[in-house]
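Structural characterization, general
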Protein chains: 4
Amino acid sequence: MNSFGLLFKVQIFGESHGSCVGVVIDGCPAGLSIAAEDLLPDLERRKGGKQKGTTPRQEADEPIFKSGIFNGESTGFPIMILFENNNTRSEDYAKQRSIPRPGHADWVAHQKFGGHEDYRGGGHFSARLTTGLVAAGAIAKKLLKGVTIQAVITEIAGEKDIEAGLQKGIDAKDSVGGIIECRVNGLPVGLGEPYFDSIESVLSHMMFTIPAVRGIEFGTGFDAAKMFGSEHNDAIEDMNGTTRTNHAGGVVGGISNGNELLFRIAIKPTSSTPKTQKSLNWESEIVEEFSVKGRHDLCVALRAPVIVEAATAIVLADFMLRSQEIKNVL
Amino acid sequence: MNSFGLLFKVQIFGESHGSCVGVVIDGCPAGLSIAAEDLLPDLERRKGGKQKGTTPRQEADEPIFKSGIFNGESTGFPIMILFENNNTRSEDYAKQRSIPRPGHADWVAHQKFGGHEDYRGGGHFSARLTTGLVAAGAIAKKLLKGVTIQAVITEIAGEKDIEAGLQKGIDAKDSVGGIIECRVNGLPVGLGEPYFDSIESVLSHMMFTIPAVRGIEFGTGFDAAKMFGSEHNDAIEDMNGTTRTNHAGGVVGGISNGNELLFRIAIKPTSSTPKTQKSLNWESEIVEEFSVKGRHDLCVALRAPVIVEAATAIVLADFMLRSQEIKNVL
Amino acid sequence: MNSFGLLFKVQIFGESHGSCVGVVIDGCPAGLSIAAEDLLPDLERRKGGKQKGTTPRQEADEPIFKSGIFNGESTGFPIMILFENNNTRSEDYAKQRSIPRPGHADWVAHQKFGGHEDYRGGGHFSARLTTGLVAAGAIAKKLLKGVTIQAVITEIAGEKDIEAGLQKGIDAKDSVGGIIECRVNGLPVGLGEPYFDSIESVLSHMMFTIPAVRGIEFGTGFDAAKMFGSEHNDAIEDMNGTTRTNHAGGVVGGISNGNELLFRIAIKPTSSTPKTQKSLNWESEIVEEFSVKGRHDLCVALRAPVIVEAATAIVLADFMLRSQEIKNVL
Amino acid sequence: MNSFGLLFKVQIFGESHGSCVGVVIDGCPAGLSIAAEDLLPDLERRKGGKQKGTTPRQEADEPIFKSGIFNGESTGFPIMILFENNNTRSEDYAKQRSIPRPGHADWVAHQKFGGHEDYRGGGHFSARLTTGLVAAGAIAKKLLKGVTIQAVITEIAGEKDIEAGLQKGIDAKDSVGGIIECRVNGLPVGLGEPYFDSIESVLSHMMFTIPAVRGIEFGTGFDAAKMFGSEHNDAIEDMNGTTRTNHAGGVVGGISNGNELLFRIAIKPTSSTPKTQKSLNWESEIVEEFSVKGRHDLCVALRAPVIVEAATAIVLADFMLRSQEIKNVL
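Structural notes, computed from the coordinates. Here the residue numbering is sequential within each chain, running from 1 through the sequence in written order. Each chain gets a letter, beginning with A, and each ligand a number, beginning with 1, in the order they are written. In view of the model being predicted, local features appear only for residues whose pLDDT reaches at least 70, and side-chain atom pairs are presented and counted only at 80 or more, with totals across whole chains, interfaces and linings using the full set of residues. To get the side-chain values, all heavy atoms of the structure are used, and hydrogens and water are removed first.

**With respect to the overall build of chain A**
Runs of H or I in DSSP of at least four residues are treated as helices and runs of E of at least two as strands, each being numbered from the N terminus. Scanning chain A for helices and strands turns up 9 helices and 15 strands. Here the C-alpha radius of gyration of chain A, 21 Å, is about what a compact globule of 330 residues would show, namely 20 Å. The dimensions of chain A, computed from C-alpha atoms along their principal axes, are 65 × 55 × 35 Å. The rule is simple: take the accessible area with a 1.4 Å probe, protein chains only, and divide by the maximum for that residue type; under 20% is buried, over 50% is exposed, in between is partly exposed. Across the 330 residues that make up chain A, the buried fraction comes to 67%. Carbon and sulfur atoms provide 47% of the accessible area of chain A, an area that totals close to 10,200 Å². Lys and Arg are tallied as positive, Asp and Glu as negative. Neither His nor the chain termini are counted. The atom standing in for a charge is NZ when the residue is Lys, CZ when it is Arg, CG when it is Asp and CD when it is Glu. Of the side-chain charges in chain A, 34 are positive and 41 negative, and the distance between the mean point of each set is 4 Å. The atom set for the radius of gyration is the C-alpha atoms, and the globule formula is 2.2 Å times the number of residues raised to the power 0.38. The accessible surface values rely on the Shrake-Rupley method and a 1.4 Å probe; as for residues, cover is taken only from the protein chains in view.

Next up, the structure:
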């Protein structure tokens, strides 16, 4: 339910306005040196409150290691990392409780959990939960020696000039979405399986856990559907499996082929737009005009790259352990 | 590895040119009436050899029930279904073994399995394995009373006129890809979980197990990244959660919202194109010109809709069992 | 690795002398009222420091709820519960590090984790980790309405008179073991599966996670091996499945039959005996005489019943969710 | 449900009087040579019909390999093995359907599956399903190079002289049980985990899937509960971890310590005794006298050792893969 992975496993917990969010990482091999400093750069990239277009909510996001690390190294047992929630303003949410915010999970959560869900700030649905993912991802990256994972924004609000896209949202006083591209280099050949444990299967599974993700494509992706086979096929040119082109995005038959792993994900515009919206008040049973309270990102895509990298690293660390690649690395 | 599902589980086995392919379905509730006739229409839709642009290989695809069914009904124990392979021509593959077909898994499989893989007709990587999925999907559909799942081709080779797209491939003597759209109606509110067990996560996981799938998007998908939040958000209009628009494609916060579930997948052009191609001969270590032998689909997307439906049904049956929706249905 | 369960799942973390131990409970249905008071009686039973024959280490064992509970009720999301470690004396362990304590995991942990394990007080191997299990068990018990689980000590040091058995250890200045018997009443018919998910399989799996458990038997158990079939078979006498005898201990074919579920487990004498012992010093490579430092239970069986109950409740809550029995209970 | 294992996984299927029983083995590394001859000796040991005290039902038990083997070697994909049922006499079962045989799963299956279960010969509950386990075990044994697994009967009907115990049953015209002891040598140090994935946890889980098993104990087991700690503790004597005694049975803290792995299991007397018994007829709702029809083992323990070995091998192969021990072996 709220855990993922076979040999490198993450279990998340927490709520946006509860006392904390966090993660338990189970399966990290013993002997990996881990310090707060290893996590801080990625945690910093995930934070709002600094760049234009992100939420004004500021959290210290200081990782508190509670288990699994001894003398600065992983012990081989579960690593629990906690992040305190300090900067919460829950009163905004209680007031408008019966008006489900469009695009948010308010209504489905209310139906599914019978009103017992923690609705403050989106509760367990909040992107704040990705703090734990980013922490786990930073540890996974350390395991993946020789592998580089880099995600970047390639488009905001339909504009390749990212600044322009963001300005479009600011001018319209509306939220905007974007496209993230992720590239992984240095992977060995042979990770993944045909069918259910294909690299695409497991990566896409993980990517859709990131709030606001609406699509994923590998290599040439949707454009591949318009190509001829002779154009799309990547010809192998040397004994390392290097291909002339990389339409496949580094995965063939579900298995890494040693070329750059490449995928793109679509991020919808932030559901919490500054615009006035309509929604059904489930108490009055009348559709009302209202505006979303709370502090929000104008463009959630801005903070997504580091989360995409973390999610990717978690999946790849698991695949590396499964194919026994990591033992040698440590 | 080669199984999927939590409460409704499929385990596939077999190879393209081995003696058979098949599936074990574990977790089907007892008392569901199951006969070959329930599976035949979907199996027929999956078959090649009939429509223009599909492989000339013809298999009877007669399902042989080996366990789990007694007096025409499921017993609650594993249902094993076997399909014999009769119409195989393996000699084509042995001859060109050392020349990995571009776009196929030949090279990665050889690397990963050290030459022990069954390379004939793609072995375990072959789309022939989807026969078992279609059988399991037909059973899942029977469990999903009141739910309709319909996948259709919306585009071939970039053309909305499907015939025209196919003709493009025939004229160019090249393989082509396409787009499949899947719509599910009649789902209850509340299936799925935030994060790792979101409907999008599990569905996309399953969809990427279908050979040749390169992308998936839900609702408005990639186009959502170009929209403003006020445009994309679906306003709830009544106490059933019906929304005015359906940009979300029926899933919010990972959970079904009772509106139509909608997603699209991109299918790359068949890797086996009739065109002459280049690839490295791993014995001579020289790049050679060659042409793919064997019998193949010109457009694998043509046979994909029923596989997409089956994969969807398997995932949804599992979600329905998890949310205890199926008990009442039976 | 350090998690267990299919639908009601526990993930443990922590070390004996780290900052805390705890548990994440995933899959608890929403709407269950949960307060510290619900956990305290069982936590109290687990504690040492009070009764004769238990460790003098005293911990407050105040459960700190960190997530998954809102307005006093479960939300349907992961419940994280933390217990701080305050009363630790780690210096005892560092001194004798290179002399593995017989019966303890010191040597295997050192081999398996290459010296990176947290060795203080047994680290992750410590029975202190069962605090999280007891907390999760208390919540599971609340879910299991109408079901009573009772574990008692039936034998200490071979004596049915428990006081006498304990005195035997005190007199001998040696540690002792015992037998725990657990009885569950009020279970519905039909929990469990034949083969891998039999009630005995899953319960025994869980019981052997409790430190010091060396054996388990159901119903008549090992004595059944001496009986004739006609003696051992339990004749069904009424339409509820009530049997005249209960040699089966309430499970037939892996499935609950509605009679009392009954099993016994053997607890070895505490590995940390006050006696002087011999062990290999892995630095000097010489067998040395030494005595175990630290504070320990003379008879770990004394604190085991509540842990056995908790472990049982966790397993049964999962089975009840799987057979959709709990929905109606809430 | 009907599968087990993390990296070396078995999925069983079939019914006693259906067309076949069998197993899918998923996760067997590529390149292992596998032939019918590798399985036949263990399959032969499992068979009835030959030795005194076993069922007169004779099946050829010829393994039919359906997938995953190519040119006599494993391919790395699922290995499906089928065994046909030929020698069935189902009419015996239909006649007495409404009288649940004491000790059998007839009544619980009827309740759980609402009458849809295949009741002939015990259906899916039948020990005939262990044929697949024995096949999978034979393959697992081949993976476990340098490891020897040997299970023997140590007691029948309470007699250490096995012949005498069996004669006791024959004389009494009643079924009898027994004790099986299993010893494993050659295991590396470090398999298993503390808590949920302890060797004892996973092995006991597996052992209780074998029909008629009622108890399991490791090392000194239940007798350990009567010992002092100073007696029970095994002192390490050399740098390989060799212990002077082996009360622990080769597992400490859930982890293999390199000494002989030793456990015992209790097998109840065969439920199908030749004696006249009483049971409730669920149609007439009256307790009736009746005698069990069909062909049965007088002492099911006689055929158990090879099943215990197979079950052990399956579990250990998984542990070896998890600790990356097998890569080097192949």
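**Things to note about the packing of aromatic side chains**
Pairing of aromatic rings covers Phe, Tyr and Trp, the last through its six-membered ring, and needs centres within 6.5 Å; plane angles under 30 degrees mean stacked, over 60 mean edge-to-face, and all others mean tilted. All told, the structure shown has 30 aromatic pairs over all chains when counted by the stated rule. Look at A:Phe77 and C:Phe125: their rings are 5.5 Å apart centre to centre, the planes differ by 90°, and that puts the pair in the edge-to-face class. Taken together, the positions of A:Phe77 in the loop between strand S6 (73–74) and strand S7 (79–84) and C:Phe125 in the loop between helix H3 (106–112) and helix H4 (130–143) put the pair across two chains. The two residues A:Phe77 and C:Phe125 agree in class, both being buried. An angle of 80° between the planes, with centres 5.2 Å apart, marks the rings of A:Phe218 and B:Phe208 as edge-to-face. With A:Phe218 in strand S10 (residues 213–218) and B:Phe208 in the loop between helix H6 (199–207) and strand S10 (213–218), this residue pair bridges two chains. With relative accessibility at 0%, the residue A:Phe218 sits in the buried group. Through pairs of rings, three or more aromatic residues link up here, namely A:Phe4, B:Tyr195 and B:Phe196.

**Considering the relation of the copies chain C and chain D**
The copies were overlaid with a least-squares fit restricted to C-alpha atoms from residues scoring a pLDDT of at least 70 in each copy. With an RMSD of 0.0 Å, the fit of chain C onto chain D corresponds to turning through 180° and sliding 0.0 Å along the axis. In the structure described here, the two chain copies are related by an operation that fits a two-fold rotation axis. Of all interface residues in chain C, 100% are interface residues in chain D too; the two copies therefore contact each other through one and the same surface. Residues count as neighbours in contact if any of their non-hydrogen atoms are within 4.5 Å of one another.

**Details of the interface of chain D and chain B**
Listed per partner, the contact involves 38 residues of chain D and 38 residues of chain B. Summed over both partners, the interface of chain D with chain B comes to about 3,200 Å²; 65% of that surface belongs to carbon and sulfur atoms. Summed over both partners, buried area is the accessible surface (1.4 Å probe) that two parts give up on being assembled. Area buried by chain D at its contact with chain B is led by D:Phe70, D:Phe77 and D:His116, which between them contribute 21% of it. Any carboxyl oxygen of Asp or Glu that lies within 4 Å of a side-chain nitrogen of Lys or Arg is treated as forming a salt bridge with it. Between chain D and chain B we count 0 salt bridges in total. Sort the elements by how many residues they give to the side of chain D that touches chain B and strand S2 (residues 9–14) of chain D lands first, with 5 residues. Three categories are distinguished: nonpolar for Ala, Val, Leu, Ile, Met, Phe, Trp, Tyr, Cys and Pro, charged for Asp, Glu, Lys and Arg, and polar for the others, with Gly belonging to the last. Its residues placed into classes, the side of chain D that touches chain B shows 16 nonpolar, 14 polar and 8 charged.

**Remarks on the relation of the copies chain D and chain B**
Mapping chain D onto chain B calls for a rotation angle of 180° and an axial translation of 0.0 Å; the resulting RMSD is 0.0 Å. Mapped onto chain B, 100% of the interface residues of chain D are again interface residues, and the two copies thus contact each other with one and the same surface.

**Points about the interface of chain C and chain D**
Contacts between the two partners involve 106 residues from chain C, matched on the other side by 106 residues from chain D. Buried surface at the junction of chain C and chain D, summed over both partners, amounts to about 7,700 Å²; 66% is from carbon and sulfur atoms. On the chain C side of the contact with chain D, C:Tyr195, C:Phe196 and C:Arg214 bury the most area, a combined 13% of that side's loss. Connecting chain C to chain D are 6 salt bridges. With a shortest N-O distance of 2.7 Å, D:Arg214 and C:Glu200 are connected by a salt bridge. Ranked by the residues each element gives to the side of chain C that touches chain D, the list is headed by helix H6 (residues 199–207) of chain C, at 6 residues. When its residues are assigned to classes, the side of chain C that touches chain D shows 48 nonpolar, 39 polar and 19 charged. Two strands qualify as a pair provided DSSP detects at least 2 bridges between them. Where strand S10 (residues 213–218) of chain C meets strand S10 (residues 213–218) of chain D, 3 bridges bridge the pair, whose relative direction is antiparallel. Within S10(D), the position partnered with C:Ile216 by the bridge is D:Ile216.

**Observations concerning the sheet that holds strand S9 (residues 178–185) of chain C**
In spatial order, the strands read S8(C)-S9(C)-S13(C)-S10(C)-S10(D)-S13(D)-S9(D)-S8(D); together these 8 strands make up an open sheet with antiparallel pairing. Single-partner strands in this sheet number two, and they are strand S8 (148–156) of chain C together with strand S8 (148–156) of chain D. Strand after strand, the sheet turns through a mean of 20° between neighbouring axes, direction not considered. Here 8 bridges tie S8(D) to strand S9 (residues 178–185) of chain D, and the two strands are oriented antiparallel to one another. All axes are obtained by fitting lines to C-alpha atoms, using only the stretch in contact for helices, and the reported angles, taken between N-to-C directions, cover 0 to 180 degrees.

**Things to note about helix H8 (residues 304–322) of chain A**
Helix span, expected: 1.5 Å multiplied by one less than the number of residues in the helix. Here H8(A) spans 27 Å end to end across 19 residues, near enough to the 27 Å set by a 1.5 Å rise per residue. Phi for A:Gln324, located one or two positions after H8(A), is positive at around 60°.

**Structural notes on the pattern of salt bridges**
This structure, assessed with the given rule, holds 88 salt bridges over all chains. Two residues, B:Lys112 and A:Glu193, come together in a salt bridge whose shortest N-O distance is 3.5 Å. Separated into two different chains, B:Lys112 in helix H3 (residues 106–113) and A:Glu193 in the loop between strand S9 (178–185) and helix H6 (199–207) make up a pair that spans both. For A:Glu193, a relative accessible area of 17% puts it in the buried group. Among the salt bridges present, the one from B:Asp42 reaches B:Arg45, with a minimum N-O distance of 3.3 Å. Of the two residues, B:Asp42 and B:Arg45 both sit in helix H1 (residues 36–46), 3 residues apart, roughly one turn of that helix. Classification of B:Asp42 as buried rests on a relative accessible area of 10%. On the basis of relative accessibility, which here comes to 35%, the residue B:Arg45 falls in the partly exposed class. Via salt bridges that share partners, A:Glu181, A:Arg183, A:Glu217, A:Glu260 and A:Arg264 belong to a single interconnected network.

**As for the packing of helix H6 (residues 199–207) of chain D against helix H8 (residues 304–322) of chain D**
Residue and element names in this part refer to chain D. Where H6 contacts H8, the axes come no closer than 9 Å and their chain directions differ by 140°. One element, H6, and the other, H8, form an angle in the oblique class. Viewed along their axes, H6 and H8 form a crossing whose handedness is right-handed. Residue-level inspection shows Ile199, Val202, Leu203, Met206 and Met207 of H6 in contact with H8, the latter providing Val308, Ala311, Thr312, Ile314, Val315 and Phe319. In terms of residue class, the contact of H6 with H8 is built from 10 nonpolar, 1 polar and no charged. Angle categories are assigned with fixed cut-offs, so that under 35 degrees is roughly parallel, over 145 is roughly antiparallel, 65 to 115 is roughly perpendicular, and the rest are oblique. With the far helix as reference, a near helix turned anticlockwise by less than a right angle produces a left-handed crossing, and one turned clockwise produces a right-handed crossing.

**Here we look at the sheet that holds strand S2 (residues 9–14) of chain A**
Sheet strands pair by backbone hydrogen bonding; their relative direction is either parallel or antiparallel. Residues and elements named next belong to chain A. Pairing is antiparallel across the open sheet formed by 5 strands, whose spatial order is S1-S2-S3-S7-S4. Every other strand in the sheet has two partners, leaving strand S1 (3–4) and strand S4 (64–67) as the edge strands with one partner each. As defined by bridge partners, S2 adjoins strand S3 (residues 20–26) across 6 bridges and the pair is classed as antiparallel. Paired with isoleucine 12 across the two strands is valine 23, which belongs to S3.

**Points about the state of the cysteines**
A covalent bond between the sulfur atoms of two cysteines is what we call a disulfide. Disulfides are defined as cysteine sulfur pairs within 2.5 Å. Following the criterion strictly, the structure yields 0 disulfides over all chains and no others. Cysteine B:Cys28 shares no disulfide, and the gap to the nearest cysteine sulfur, in D:Cys20, comes to 17 Å. We classify B:Cys28 as buried; its relative accessible area is 2%.

**Here's the deal with the pairing of strand S14 (residues 277–281) of chain B**
Residues and elements named next belong to chain B. Taken across its 5 residues, S14 has 4 buried, putting it largely inside the fold. In this structure, S14 lies alongside strand S15 (residues 286–290), joined through 5 bridges in antiparallel fashion. Within the sheet, the bridge partner assigned to glutamine 277 lies in S15 and is phenylalanine 290. Two successive antiparallel strands, S14 and S15, enclose a turn made up of 4 residues, where glutamate 285 displays a positive phi of approximately 60°.

**Side note on the side chain of C:Asn2**
Residues and elements named next belong to chain C. Within the fold, asparagine 2 resides in the segment before strand S1 (3–4). On the basis of relative accessibility, which here comes to 2%, the residue asparagine 2 falls in the buried class. As used in this structure description, the phrase polar contact means that two N or O atoms lie within 3.5 Å; if the pair is within protein, one of them must be able to donate a hydrogen and the other to accept it, and residues adjacent in sequence are counted only when both atoms belong to side chains. Side chain to side chain, asparagine 2 and histidine 124 meet in a polar contact 2.9 Å long.

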